[in-house]
Every structure is written in C-alpha cells, then in structure tokens.
Amino acid sequence: MDNYDLQQAARLGTLSTLPTELLTPERLTARNAAGNTALHSAAKNGELRALPPAVLTEENLTLRNDSGYTPLHHAALGGHLDQIPAALLVDRLLGISSNSGYTVYHVAAAHGHLDQLPAALLTPAVAVSKTHLGNSLLHEAAEHGAVDRLPAAFLTPENLLLRNLGGETVLHVAAFNGHLDQFPPALLTADALLQKTTAGDTVLHAAAISGHLEQIPSALLTHEHLVLASKSGFTVIHAAAETGQLAKIPRERLTADLLLTRNDNGDTPLHAAAFEGHLDQVPLALLTLENLNVRNYVGMSVGRNAVTRGFADQIPPQHRPRKRGPIGRFLERIGASRPPF
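Structure report, in brief. (Residues numbered from 1 in each chain as written. Predicted model: local features only at pLDDT ≥ 70, side-chain atom pairs only at ≥ 80, totals over all residues. Heavy atoms only, no water.)

**Some thoughts on the packing of helix α11 (residues 170-177) against helix α13 (residues 203-210)**
Helix-helix packing: each pair is described by the crossing angle between the helix axes and the interaxial distance.
Move 1: Between α11 and α13, whose axes approach to 7 Å, the crossing angle comes to 15 degrees. It follows that α11 is roughly parallel to α13 by the angle criterion. Two packed elements cross with a definite hand, and for α11 against α13 that hand is right-handed. Every residue of α13 that contacts α11 at Leu171, His172, Ala175 and Phe176 is listed here: Val203, Ala206, Ala207, Ile209 and Ser210.
Move 2: The residue makeup of the contact of α11 with α13, split by class, is seven nonpolar, two polar and no charged. (Axes fitted to C-alpha atoms, helices over the stretch in contact; angles between N-to-C directions. Helix = DSSP H or I, 4+ residues; strand = E, 2+ residues; numbered from the N terminus. Parallel < 35°, antiparallel > 145°, perpendicular 65-115°, else oblique. Left-handed = near helix turned anticlockwise from the far one by under 90°. Contact = heavy atoms within 4.5 Å. Nonpolar A, V, L, I, M, F, W, Y, C, P; charged D, E, K, R; others polar.)

Here it is as structure tokens:
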C-alpha cells in the first residue's frame, strides 16, 4: 500500500480495517505534494483512534504541511481534538501558527470545537490572539457562525470591538455573514453597531450589503443611521435598495427624503432599486413621475434605469413608456418629443 492509498483510507474512515503493520510512523508521516500526511487526514476525519498510540507523539502531531497546518489544526477543523492525547493539549502546542497565523485555537473557534479543549486554556489572552490578518478567535467564530459555541466569558463589549487589519470589528464580520443573531441582544448597542471600518462602513452597512438587515435592531434603522455614508459615499439605504432589503425597513420610514438621498455619483436609492429590480419594494406613493424622472450626475433617470435593465413592469402602469411608432421615434430624434423619463 502506497502513501496515496493510506491517505485515502484515512479520509474514508477505513484505517481500522488495515493490518497494524501498515500503520507505521514512517508511512503515516510520509508527505504528499501539498505536504499533507495520512496523519493529517486521520486527524481531520476522526481516525486517530484507529492508530497505534506510538504514532500519536508530539513530533508527529506537529508536522507542518506546506501551508503550515499540523495534524492538531486538522483535528480542530474536523472536531476531533478529543482524540488527541490529553498530555498534548497544552498551550505550547495549541498556539502553533500556520503560515497565515492560524493557531489551533483559531481553527477550533471557527468550527465550534473549543469545547473540546481544557477550559483552563481558554484564557482572555487566547481570546484576543490574532492571525496575520488581525482576526481574533471571535472574528473566526463570527465568520463561520460558531459564536454560540464560544465560552461566555469571551463575549464582552470590549472583545466585540476588536479590529482586524481592515478595521472590521467582530460585529462587522458577523453581520456580513449573517450571524449577528448569535450574540446576546444586550451587546448589540448603537455604539457597537455604528463603529466604522477603515473604509467607513458601519455594521449596518455590512448587514445591508450582504442581505441580513433583519438582524439589525429595528430601533437603529432610523433616517439618521440609514443615510450614514462610507468614505466612498455609499449609504446604508443605498446598500439596502441595491440588495433588495427595503422591505426589511419599517415602511413608514421609507420616505421620499430618505429614498432621494444622493451618493457621490448622484445616484439615489431609487436608482439602485431600479437597477437591481427592487422598485417593487418601494411604496407605490413614491413612484411618482417626478421621482422616476430624478437623474444622477450623468443624466440617467430612475425610470430609465428600470426600463434599460428590463424591469419596466415594476413602474406603475400609468408611467410606463408606451411603444412608439415611426413618427414618435422621429419626433424624439429631432427633439420635438421625449420619453416620460
């Protein structure tokens, strides 16, 4: 049996069916083209119990693949840290970093497996330790939806404001990935949700851009907050209009004043909704001919946006452009007539 076959057996969960004489340290630690060993695969797929105890040594379990990940990292990824000898579950080994700065703690946090580690190791210092991109354990859990598996002691207001290299707090990452609902509501304060990234985006921006605005407390979806602009002039309400999130904002707050707010290009949220096919989420009373005629700085109107994008059916029937005959098209060409927008 060659190295490939042994790795396949580890992936398929059939190591226990192999003769013990094949499960030698030399075979199990032989590397493939990516530097992975059968031991990496066994750790990820819960096959460590099928191996002779003599294989599960510190030297073997800390072998790095080409990305710097060890079998300990792989065990954390697969949720099989409970198969690692207890004597090796120590901070010195769990703190080994991959090439991108991921420790075993980070991988376990991302996939909801910190509960397989001794509680005494899950210290405040571990919680705030960061990868090379500045992600803490809380950032990793927030991205992958494992916040509800974190120790309660990690969820402090201070920790939620930890920032990565892009200036994203833990809550920005959670909002973008749709996991704000895993945080205690008491922690979702205005101060925490209005923090800005390096690009000027608030947590509300992150939720609106990614389609998760319903996870923002309704009380914060005010005119003042919805018109907050990033450094590029992109507001929360523009993002909500673009991604079809207007229906998640209390209808009485969708006023003309709000939906006619301009960004740096002169586009209003109505332009964004028209372009992406979401005018059907705009209150009918606001789809007036006057509003459909509002133009951005290059002369594109809201109504024309909808028509050119194939969403004319979302314009009220009385305002839809009628089909023009040859005379109508001629009059339009010479400037004697013009479409409604």
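**Some words on the pattern of salt bridges**
Move 1: Within the structure shown, the criterion is met by four salt bridges.
Move 2: Ionic pairing is found between Arg92 and Glu58, a salt bridge with its closest N-O pair at 2.8 Å. Of the two residues, Arg92 is situated in helix α6 (residues 91-94) and Glu58 in helix α4 (residues 58-61); the sequence distance between them amounts to 34 residues.
Move 3: Among the residues examined, Arg92 registers a relative accessible area of 54% and is labelled exposed.
Move 4: The partly exposed category is assigned to Glu58, whose relative accessible area is 33%.
Move 5: Note that Arg149 is salt-bridged to Asp115, the shortest N-O span being 3.0 Å. With Arg149 in the loop between α9 (137-144) and α10 (157-160) and Asp115 in the loop between α7 (104-110) and α8 (124-127), the pair connects residues that are 34 residues apart, well separated along the chain. (Salt bridge = Lys/Arg side-chain N within 4 Å of Asp/Glu carboxyl O. Buried < 20%, exposed > 50% of the residue type's maximum accessible area, 1.4 Å probe, protein only.)

**Let's talk about helix α17 (residues 269-276)**
Move 1: Counted residue by residue, α17 has six buried out of eight residues, so it is predominantly covered.
Move 2: Among the residues making up α17, those that are buried are Pro269, Leu270, His271, Ala272, Ala273 and Ala274.
Move 3: Once α17 finishes, Gly277 follows within two positions and takes phi at roughly 80 degrees, a positive value.

**Section: the nonpolar core**
Move 1: Ranked by internal contacts, the top residues of the largest apolar core, which has 94 residues, are Leu51, Phe183, Leu246 and Leu279.
Move 2: Excluding residues that lie within four positions of it along the chain, Leu51 makes contacts with Leu15, Leu23, Leu28, Leu39, Ala42 and Leu56. (Core = buried A, V, L, I, M, F, W, Y, C linked by side-chain atoms within 4.5 Å.)

**What about the packing of aromatic side chains?**
Move 1: In this structure the tally under the stated criterion is zero aromatic pairs.
Move 2: Across the ring face of Phe275, the terminal group of Arg309 is positioned such that the distance to the ring centre comes to 3.9 Å. (Phe/Tyr/Trp six-rings, centres within 6.5 Å; stacked < 30°, edge-to-face > 60°. Lys NZ or Arg CZ within 6 Å of the ring centre and 35° of its normal.)

**A few points about the packing of α9 against α11**
Move 1: Viewed as axis vectors pointing N to C, α9 and α11 meet at an angle of 10 degrees, and their least axial separation amounts to 7 Å. It follows that α9 is roughly parallel to α11 by the angle criterion. Touching Leu138, His139, Ala142 and Glu143 of α9 are Val170, Val173, Ala174 and Asn177, all from α11.

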